[in-house]
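Fold and geometry: a report
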Amino acid sequence: MAICFGANPIATSFISNEDIRLCFEIADSRLRVHTRPALEKHIHQLLTEMRMTTIEKLNFARMICISSDIWTKKGMSSSYLGVMATFFDPKTDQKENIVLAVRKFESTHHTALNIIKEMDDVLQIYKVPKEKIWKVITDSGSNMVCAFRDSSELDDDAAESEFHERTDNNAEDTYNYFQYSRLSCFIHTLLLCLKKFDARKLFENLITKLKSLVQKFSSSQVLTGELLKLCGLKLVSFSNTRWNTVFLVVQRLVLVKDAVITVLTDSGKLKYNLSSSEWNLMTEVKDFLAPFNKYTDMCSNEGSRPISEVIMIIKELKEHLKRFGRTRNFITVSNEVLQDIEKRFGHFFHESDERPLEGVYLASTLLDPRYRIGLTATEIEKATVYILTSISKEIREAGTENVEIVGMSSSRENYEDVPAKKRKFRFLELIPKSNTNQGLRTELDLYLGNKGLDTDDDKFDPWRFWSAQKDSFQHLSPLALDILSIPLSIGAVERTFSFAGLATQGRRNSLDGEHLEREVLLNKNKHLLK
């Protein structure tokens, strides 16, 4: 009962309703229905149990990634910082997503300082050392960039303003910032590239006409009724909150084109109809946007999508844009979007004067037997170097030398402290059984040389594959599992906010602060409750 009320948008006062208590009594008179105070106590106990389980899991995790975003409640009455931890759990052999907080901002300003203070407080509650945070994934908002990165990543006036606010010499800005390693949300960054499409006058005029057509059907029960009779489908309305609203609208219109023309003709509303060239252009728009819709939807399902798919998606979209670059109406926009993709994602493939290589993307692709065949020789070399140097360095800096990835402590124990072993010469016990970097290099060479591991199975699970390889690849297996568990986007955090929005609808709009956070945490982390 505590889970039912605590993890769902149901007010605890509901348990005091006489009709509800009567229903329980009729169902089974032996059932003991708790009072509201007792129910609240049990819910609080569940929250404490969930947090203790989370602390245990985070403590046992090798490396942790944090996803974070900001949400403003309907009515603009309060704002929240969402924090989610993602890691591979060695105990369960599964990728874990755990919501750590939906923390209300005390201030109305979402500055870098306020964000990082709330983040640090959340990490302290769950006893997570900052050094154990491998990557932080956020959108490209200037406040998020400034909170988790230095000024070298800032490339616009708003971000520069945020940075100067963070570094002003006043009492508040003496806060001790920790230098996290930040990754931009892949979906958000990809959608920024599509702004080039929105800015083209040709498509802007078409969308204006589409809005007029859709609005006419939406406001007319007669037109919609006739359309339903002919094809059994309604038109999709435009939405300001969904990036792919244009694609969804044109996809439906192309599907029901003949029925729409028939309804407009029979009702004398042909002035809302599109010309033949506009219908053709709309079909081309659908085909142009389709891969972007497909891959953003795919990446949103983070439970089964490894980060290794990012490189493959970028390469696929580049080929798509090159093909459309030969289409008359799309020559300019295809080249502009392609150039923006090169600019925003180029550091996934190579270093430059502006940005160093972010090697986790090439490394994850190399460690996925489905996709490594899609890498060039140069990309394989860069991924290999990154795995053997940069990742090893990051792990050492995180203070996890004693876990499976590294194997042994770098310092030798005193001779007297070494317990007796069944070896002829005891000093041999002081020598590490294998050098970690050398062992990792050997295993990586074996993995790359075994072409029999390649697969094109769509149902292939890279986490299950590497979990089964623990004995064969003692150093590489845990490393691969951690890399593949890095989130592609902040989609999981946004879905958490979606639940928070549902939980505060209507009469429950007053649900706020810790009470709202409790409900969200229990709902999203139910799998942690025994």
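Figured I'd write up the structure that's included with this text. (Residues numbered from 1 in each chain as written. Predicted model: local features only at pLDDT ≥ 70, side-chain atom pairs only at ≥ 80, totals over all residues. Heavy atoms only, no water.)

**What to know about the overall build of the protein**
Tallying secondary structure elements over the protein gives 22 helices and 5 strands in all. Excluding contacts between residues fewer than 6 apart, the proportion of contacts in the protein whose partners are at least 24 apart in sequence is 70%. Accessible area of the protein: about 27400 Å², with a carbon and sulfur share of 49%. (Helix = DSSP H or I, 4+ residues; strand = E, 2+ residues; numbered from the N terminus. Contact = heavy atoms within 4.5 Å. Areas by Shrake-Rupley, 256 points an atom, 1.4 Å probe, with all protein chains shown as cover.)

**A look at unusual backbone geometry**
We note that Asp 93 has phi near 55°; this positive angle belongs to a residue other than glycine. In this structure, Asp 93 sits in the loop between β2 (79-89) and β3 (94-104). Within the chain, Lys 127 stands out as a residue other than glycine whose phi angle is a positive 55°. One can find Lys 127 in the loop between α4 (112-125) and β4 (133-138).

**Topic: the pattern of salt bridges**
All chains considered together, the criterion is met by 27 salt bridges. The salt bridge partner of Lys 73 is Asp 512, with a shortest N-O separation of 3.8 Å. Placement of Lys 73 in the loop between β1 (64-72) and β2 and of Asp 512 in the loop between α21 (491-503) and α22 (513-524) is noted, with a sequence separation of 439 residues between them. By relative accessible area, which is 23% here, Asp 512 ends up partly exposed. Here Asp 512 ties to Lys 104 by a salt bridge, and the two come within 2.7 Å at their closest N and O atoms. Of this pair, Asp 512 sits in the loop between α21 and α22 while Lys 104 is found in strand β3, placing the two residues 408 residues apart along the sequence. Classification of Lys 104 as partly exposed rests on a relative accessible area of 27%. Shared partners join several salt bridges into a network, and the residues in it are Arg 51, Arg 103, Glu 118, Asp 121 and Glu 517. (Salt bridge = Lys/Arg side-chain N within 4 Å of Asp/Glu carboxyl O. Buried < 20%, exposed > 50% of the residue type's maximum accessible area, 1.4 Å probe, protein only.)

**Some words on the side chain of Glu 96**
With respect to the helices, strands and loops of the structure, Glu 96 is situated in strand β3. When its relative accessible area of 7% is taken as the criterion, Glu 96 is described as buried. Among the polar contacts listed, one links the side chain of Glu 96 to the side chain of Lys 57, at a separation of 3.1 Å. Dropping the residues within four chain positions of it, Glu 96 is found in contact with Lys 57, Ala 85, Thr 86, Phe 87, Asp 89 and His 527. (Polar contact = N/O pair within 3.5 Å; in protein donor to acceptor, adjacent residues only side chain to side chain.)

**Quick notes on the sheet that holds strand β5 (residues 182-184)**
What the 5 strands build is an open sheet, ordered β3-β2-β1-β4-β5; its pairing is mixed. The open sheet has two edge strands with one neighbour each: β3 and β5. Taking each pair of neighbouring strands and ignoring which way they run, the sheet shows an average axis angle of 25°. In this fold α4 packs onto β1, β2, β3 and β4, with an angle of close to 125° to the strand it touches most, β3. (Pairing = 2+ DSSP bridges. Axes fitted to C-alpha atoms, helices over the stretch in contact; angles between N-to-C directions.)

**Re helix α9 (residues 201-218)**
Under the 1.5 Å per step criterion, the end-to-end length of α9 is 25 Å for 18 residues, consistent within 8% with the ideal 26 Å. Phe 203, Leu 206, Ile 207, Leu 210, Leu 213, Val 214 and Phe 217 are the residues of α9 that are buried. For α9, the buried positions fall inside an angular range of 125° around the axis, keeping them on one side. Exposed residues on α9 whose side chains face more than 90 degrees from its buried face are Lys 201 and Gln 215. Residues of α9 that are buried make contact with α8 (195-198), α10 (221-231), α11 (245-255), α12 (257-266), α13 (276-300) and α15 (331-345). (Expected span 1.5 Å × (residues − 1). Arc of directions from axis to C-beta.)

**Considerations on the nonpolar core**
Within the largest apolar cluster, 92 residues are counted, with the highest numbers of intra-cluster contacts made by Leu 253, Tyr 447 and Trp 466. The greatest single-element share of this core, amounting to 9 residues, is contributed by α13. Apart from the residues within four sequence positions on either side, Trp 466 is in contact with Leu 367, Tyr 447, Phe 473, Leu 476, Ser 477, Ala 480, Leu 481 and Leu 484. The next biggest cluster of nonpolar side chains, apart from the first, holds 56 residues, and it includes Ile 15, Ala 85, Val 128 and Ile 133. (Core = buried A, V, L, I, M, F, W, Y, C linked by side-chain atoms within 4.5 Å.)

**A word on the pairing of β2**
Where burial is concerned, most of β2 is hidden: 11 out of the 11 residues are buried. Sheet topology note: the β1/β2 ladder contains 8 bridges and is antiparallel. If you follow Ile 70 over to β2, its bridge partner there is Leu 81. Hairpin geometry of β1 and β2 is characterised by an intervening segment of 6 residues between the two adjacent antiparallel strands and by a positive phi of about 95° at Gly 75. Of the pairings in the sheet, the one linking β2 to β3 comprises 10 bridges and is antiparallel in character. Along β3, the bridge assignment pairs Phe 88 with Lys 95. In this antiparallel pair of consecutive strands, β2 and β3, the connection spans 4 residues, and Asp 93 shows a positive phi of 55°.

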